[in-house]
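Spelled out, the chains give:
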Amino acid sequence: DVILEVDQMSATDTQRPPLAVVILAAGLGTRMKSDVPKVLHEVCGRPMLSYVVDAALSVSPERVVVVTGPDQEAIADILPVGCERAVQQERRGTGDAVRAGLEPLERFRGDVMVLYGDVPLVDAGFVAALHRRHLEAEAAATLTTSELADPEHYGRIVRDDDGGVVRIVEYRDATPQERAVHEINVGLYVFRADALRPALGRLTSDNDQGELYLTDAVHLLLADGHTVASFRSDDEEMCRGVNSRVELAAVNAAMRRRLVERLMLAGVTVEDPATTYVDYGVEVGRDTVLRAGTHLLGRTTVGAACEVGPHSFLRDAFVGDRARVVSSHLHECVVGSGCSVGPFAHIRRNTVLAEGARAGTFVEIKNSRIGERSRVPHLSYVGDAVVGQDTNIAAGNITANYDGYEKHATTIGDRVRTGSDTVIVAPVNLGDDCVTAAGSVITRDVPPGALAVTREEQKNVEGYAARRVAERRTAPPS
Ligand code: UD1
Ligand code: CA
């Protein structure tokens, strides 16, 4: 049996040389016009560099080195354990960045995959295919290319009459004929380390930007008699780089489409994919319906058979099964199974709606627990409160939790019935089964089972309207 398994392994598995990945992330991202390093700009709620790191890790390399600038600690902070950081002291171009990335790999023998941190849509399948192509071609370098309908400012692939790669020319340095080429350099490569090192040493900055271009390594390798292979991808979208916020939006849209499609294939109904915004890592259970204009952001999880939207905004929210969330905002909260929220509710941080609870129209709840099956159906504010089970908070109730200096807590028991327009001035406790009269201002504890009334008794003035009419008739003209 063991022998059989060995037989089944492909040639590339058994002969694969060690692989290291170098990710370039030190660029200034000038065209972003930002104080944030370009590779930290987010794609579907996550720094774009993280996707590239995932792609790198997916090929099970021996080492992953991320090249950053000297002042970019923020990038180092998001790298997972196992990723090393190399510092490029001066931004002298992509060739110089790779040189910096190879510093910690001085003793490394094998293949080096180079990925650009601003090309975040590449996925595991894509880099695996590039790697396979490189191994099959037994090349000193394999570069990824793609044919774009609009090749914009990407580097162009120059080929000879036989179709062999001759060199990569940057758009800024290209002749009109070269600019007419639609095949572009995607910016993902595999090099044999021993061929790449000497080539990097011979790069010159004799170009429009005065930089050391990694792309120039290609013709240097060819000049030395090495084989350079190409891996041509027909997935235009996957090859998109981010240099401006316009491109960032395009890449976000593509990633979002991918994430929403993944949900649909997992059994989620998405009413309008074009207006459904889902961050990376968001989970949604099967048979849940996401209606138009729904945002599921951050670490949001939605259970099975829920209905969310239209127009709901959830960030870091956990929603159980069979819940409804209609036109509402939820932040850092837990909505239990079978709960109903909205329309137009605002559920804020540290709020828990226990199973079957309801937060209705124009209701704001902050840092509170609403017990099983309890309801806050209309026009209320509940803050810093613990509400028991099967309680009903009537329309227009306010927990006055702030005295201008400090926040105070309210506790409301089980099976409580408050009257409409009750103001509950914290700190205060309402016992189980108690009732408050409409319009009451509760400033003292209410014992279990009691009725609390804090308003003037009603006085009816009989015959008032008729008397007024009579008075006006007899009054002298003014
Ligand atoms: C680069 C390629 C171009 C290709 C395009 C694909 C070069 C010279 N050009 O152009 O052929 O079509 O990507 O998207 O390689 N970086 C550093 N240090 C530096 C400069 C850049 O780490 O000194 C990093 C950047 O952070 C970025 C990557 O290298 O992640 C690419 O640099 P960028 O300036 O964006 O290159 P492009 O002009 O897009
Ligand atoms: Ca770029």
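Just so it is clear, the structure is predicted and the values come from calculations on it, not from any experiment. (Residues numbered from 1 in each chain as written. Chains lettered and ligands numbered in written order. Predicted model: local features only at pLDDT ≥ 70, side-chain atom pairs only at ≥ 80, totals over all residues. Heavy atoms only, no water.)

1. Things to note about the coordination of the calcium ion (ligand 2)
Where a metal carries four tetrahedral donors, each ideal angle is 109.5 degrees; where it carries six octahedral donors, the ideal angles are 90 or 180 degrees.
Item 1. Protein coordination of the calcium ion (ligand 2) is provided by Asp118 (OD) and Asn243 (OD1), with donor distances spanning 2.2 to 2.4 Å. Taken together, the residues span a long stretch of sequence, with aspartate 118 in the loop between strand 6 (111-116) and helix 6 (124-137) and asparagine 243 in the loop between strand 11 (228-233) and helix 10 (245-265) at a distance of 125 residues.
Item 2. The exposure class of aspartate 118 is buried, given its relative accessible area of 13%.
Item 3. For asparagine 243, a relative accessible area of 17% puts it in the buried group. (Donors = N, O, S within 2.8 Å, 3.2 Å for Na, K, Ca; no water. Helix = DSSP H or I, 4+ residues; strand = E, 2+ residues; numbered from the N terminus. Buried < 20%, exposed > 50% of the residue type's maximum accessible area, 1.4 Å probe, protein only.)

2. Here's the deal with the packing of aromatic side chains
Item 1. All chains considered together, the criterion is met by 5 aromatic pairs.
Item 2. Judged by centre distance (5.5 Å) and plane angle (25 degrees), the rings of tyrosine 189 and phenylalanine 191 are stacked.
Item 3. Taking the ring centre of tyrosine 51 as reference, the NZ or CZ of arginine 46 above it sits at 4.8 Å.
Item 4. For the cation-ring pair, arginine 179 lies above tyrosine 171, with the distance from its terminal atom to the ring centre recorded as 4.0 Å. (Phe/Tyr/Trp six-rings, centres within 6.5 Å; stacked < 30°, edge-to-face > 60°. Lys NZ or Arg CZ within 6 Å of the ring centre and 35° of its normal.)

3. Things to note about the sheet that holds strand 30 (residues 375-378)
Item 1. Reading across from one edge, 12-15-18-21-24-27-30 is the order of the 7 strands in this open sheet, with parallel pairing throughout. Each end of this open sheet is capped by a strand with a single partner; those strands are strand 12 (269-270) and strand 30.
Item 2. Across 2 bridges, strand 21 (residues 324-325) lies against strand 24 (residues 340-341) in parallel orientation. Counted as the bridge partner of arginine 324 is serine 340 from strand 24. (Pairing = 2+ DSSP bridges.)

4. Observations regarding the site of ligand 1
Item 1. Taken together, 24 residues form the shell around ligand 1, and within it Gly27, Gln88, Tyr116, Glu170 and Asn185 come nearest.
Item 2. Separating an oxygen atom of ligand 1 from a backbone N or O atom of arginine 92 is a distance of 3.5 Å.
Item 3. Separating an oxygen atom of ligand 1 from a side-chain N or O atom of glutamate 170 is a distance of 2.6 Å.
Item 4. When ligand 1 sits alone it has 750 Å² of accessible area, and the protein chains cover 91% of it.
Item 5. Class assignment of the residues belonging to the shell around ligand 1 gives a composition of 9 nonpolar, 9 polar and 6 charged. (Near = heavy atom within 4 Å. Polar contact = N/O pair within 3.5 Å; in protein donor to acceptor, adjacent residues only side chain to side chain. Areas by Shrake-Rupley, 256 points an atom, 1.4 Å probe, with all protein chains shown as cover. Nonpolar A, V, L, I, M, F, W, Y, C, P; charged D, E, K, R; others polar.)

5. Concerning the packing of helix 5 (residues 94-102) against helix 8 (residues 193-201)
Item 1. Two elements in contact, helix 5 and helix 8, have axes whose closest approach is 10 Å; the angle formed by their N-to-C orientations is 130 degrees. On the basis of the axis angle, helix 5 is oblique to helix 8. Crossing hand, helix 5 versus helix 8: left-handed. Along the contact surface, helix 5 presents Gly95, Val98, Arg99 and Leu102, while helix 8 presents Leu196, Arg197 and Leu200.
Item 2. Within the contact of helix 5 with helix 8, the residues separate by chemical class into 4 nonpolar, 1 polar and 2 charged. (Axes fitted to C-alpha atoms, helices over the stretch in contact; angles between N-to-C directions. Parallel < 35°, antiparallel > 145°, perpendicular 65-115°, else oblique. Left-handed = near helix turned anticlockwise from the far one by under 90°. Contact = heavy atoms within 4.5 Å.)

6. Quick notes on the confidence of the model for the chain
Item 1. For the chain, the mean per-residue pLDDT works out to 95, and 97% of the residues sit at or above 70.
Item 2. Ranking the elements of the chain by mean pLDDT puts helix 1 (residues 2-8) last, at 40, and strand 26 (residues 351-353) first, at 99.
Item 3. Counting contacts from residues 1-9, a segment whose pLDDT is below 50, to residues more than four positions away or on other chains yields 1 contact. (pLDDT = per-residue confidence, 0-100.)

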